[in-house]
Amino acid sequence: MVNPEHTAQIWSILEQVPDPEIPIINLVELGVIREVEILNDQNDLKITITPTYTGCPAKKLFEDLILEKLHENGYPKVEIISKLNPAWTTEWLSEKTKEKLMKEGISPPTIGDRIVQCPLCKSENTKMVSAFGSTPCQSLYTCNECKEPFNYFKCH
Ligand SMILES: [Zn+2]
């Protein structure tokens, strides 16, 4: 019954939904959207998401953005399920997504936040200036080499 091309089409619609915190990447790249299911011939959808972290203020926003985008594209009935297990981790970001972040001057997350690389000169000689950067999911860092400030996408 399920047409894989149709499912792929829905994924590509979802790729148009930007991350509200870091709009240069979308919710699919962020790893928030886990599953897409077409429930019947009326194109009712079930979307499974894993919010970036429990209590992330963006959770409600993610849902609203997903609904809005699907409604615009002719899918009026969409059910969104939040799946918290396994928990989202920054490891779900693909290498391509990490490169994209680096190009935008945002240092991508590293396991345990141990090595934070400067997105400008690639130095690992950096220090945290503030636990909160331009959004709650980022910290403000400064590079000891090139002296430039940058945002670090925190590991959750
Ligand atoms: Zn630097």
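None of the values given here were measured: they were computed from a predicted structure.

Engineer: What should I look at first to understand the nonpolar core in this one?
Structural biologist: Counting 26 residues, the largest nonpolar core has Leu30, Ile47 and Leu70 as its most contacted members. Contributing elements (two or more residues each) for this core: α1 (4-14), α2 (27-30), β1 (33-38), β2 (45-49), α3 (58-72) and β3 (78-82). Here this core gathers at least three residues from each of two domains, domain 1 (4-82) and domain 2 (95-153). When near neighbours in sequence (up to four residues on either side) are disregarded, Leu30 contacts Asp19, Ile25, Thr52, Phe62, Trp88, Leu93 and Phe153.

Engineer: Help me understand the packing of aromatic side chains in this model?
Structural biologist: Each aromatic ring pair is characterised by the separation of its centres together with the angle its planes make. Summed over all chains, the structure comprises three aromatic pairs. A ring pair is formed by Tyr141 and Phe150, whose centres lie 5.8 Å apart and whose planes are at 25°; its orientation type is stacked. Of the two residues, Tyr141 and Phe150, neither departs from the other in class, the shared state being buried. Cluster of aromatic residues (ring-pair linked, three or more members): Tyr141, Phe150 and Tyr152. Its end group placed over the ring of Trp92, Arg34 keeps NZ or CZ at 3.7 Å from the ring centre.

Engineer: I'm lost on the coordination of the zinc ion in this one. Help?
Structural biologist: Perfect tetrahedral coordination of a metal by four donors corresponds to 109.5 degrees between them, and perfect octahedral coordination by six donors corresponds to 90 or 180 degrees. The protein atoms that coordinate the zinc ion are Cys118 (SG), Cys121 (SG), Cys143 (SG) and Cys146 (SG), at distances spanning 2.2 to 2.3 Å. Every donor counted, the four donor atoms about the zinc ion form angles of 106 to 116° at the centre, which fits tetrahedral coordination. Accessibility expressed as a relative area gives 1% for Cys143, which makes it buried.

Engineer: For this particular structure, what's the right way to read the environment of Asp64?
Structural biologist: Mapped onto the fold, Asp64 is located in helix α3. A sequence separation of 43 residues divides Asp64 from Ser107, and the C-alpha atoms of the two residues are 27 Å apart.

Engineer: So what exactly am I meant to see when it comes to the sheet that holds β1 here?
Structural biologist: Strand pairing within a sheet occurs via backbone hydrogen bonds; the two strands may be parallel or antiparallel. Within the open sheet, the three strands sit side by side as β1-β2-β3. Their pairing is mixed. Where the open sheet ends on each side, the last strands, each with one partner, are β1 and β3. On average, each strand axis in the sheet is tilted by 15° relative to the strand beside it, whichever way the strands run. Bridging between β1 and β2 involves five bridges; their strand directions are antiparallel. Counterpart to Glu35 in the pairing with β2 is Thr48. The strands touched by α1 within the sheet are β1 and β2, with β1 carrying the most contacts at an inclination of about 135°.

Engineer: I keep staring at the domain arrangement of the protein and nothing clicks. Help me out?
Structural biologist: Note: interface size is frequently given as the accessible area lost on complex formation between the parts. Its domain assignment divides the protein into domain 1 (4-82) and domain 2 (95-153). For domain 1 versus domain 2, the separation of C-alpha centres amounts to 27 Å. Each side of the interface is counted separately: domain 1 has nine residues, and domain 2 has eleven residues. When residues of domain 1 are sorted by the area they lose upon contact with domain 2, Glu21, Ile22 and Ile24 head the list and together hold 56% of the total. Counting across the interface, domain 1 meets domain 2 through one salt bridge. Measuring nitrogen to oxygen at the nearest pair gives 3.0 Å for the salt bridge that ties Lys100 to Glu29. Taken together, the links from domain 1 to domain 2 amount to two residue pairs in polar contact (both at pLDDT 80 or more). Looking at the side of domain 1 that touches domain 2 residue by residue, the class counts come to seven nonpolar, no polar and two charged.

Thresholds applied
- Residues numbered from 1 in each chain as written.
- Predicted model: local features only at pLDDT ≥ 70, side-chain atom pairs only at ≥ 80, totals over all residues.
- Heavy atoms only, no water.
- Core = buried A, V, L, I, M, F, W, Y, C linked by side-chain atoms within 4.5 Å.
- Buried < 20%, exposed > 50% of the residue type's maximum accessible area, 1.4 Å probe, protein only.
- Helix = DSSP H or I, 4+ residues; strand = E, 2+ residues; numbered from the N terminus.
- Domains from an automatic or database assignment.
- Contact = heavy atoms within 4.5 Å.
- Phe/Tyr/Trp six-rings, centres within 6.5 Å; stacked < 30°, edge-to-face > 60°.
- Lys NZ or Arg CZ within 6 Å of the ring centre and 35° of its normal.
- Donors = N, O, S within 2.8 Å, 3.2 Å for Na, K, Ca; no water.
- Tetrahedral: all angles 85-135°; square planar, octahedral: opposite > 155°, others 65-115°.
- Pairing = 2+ DSSP bridges.
- Axes fitted to C-alpha atoms, helices over the stretch in contact; angles between N-to-C directions.
- Buried area = accessible area lost by both parts, 1.4 Å probe.
- Salt bridge = Lys/Arg side-chain N within 4 Å of Asp/Glu carboxyl O.
- Polar contact = N/O pair within 3.5 Å; in protein donor to acceptor, adjacent residues only side chain to side chain.
- Nonpolar A, V, L, I, M, F, W, Y, C, P; charged D, E, K, R; others polar.

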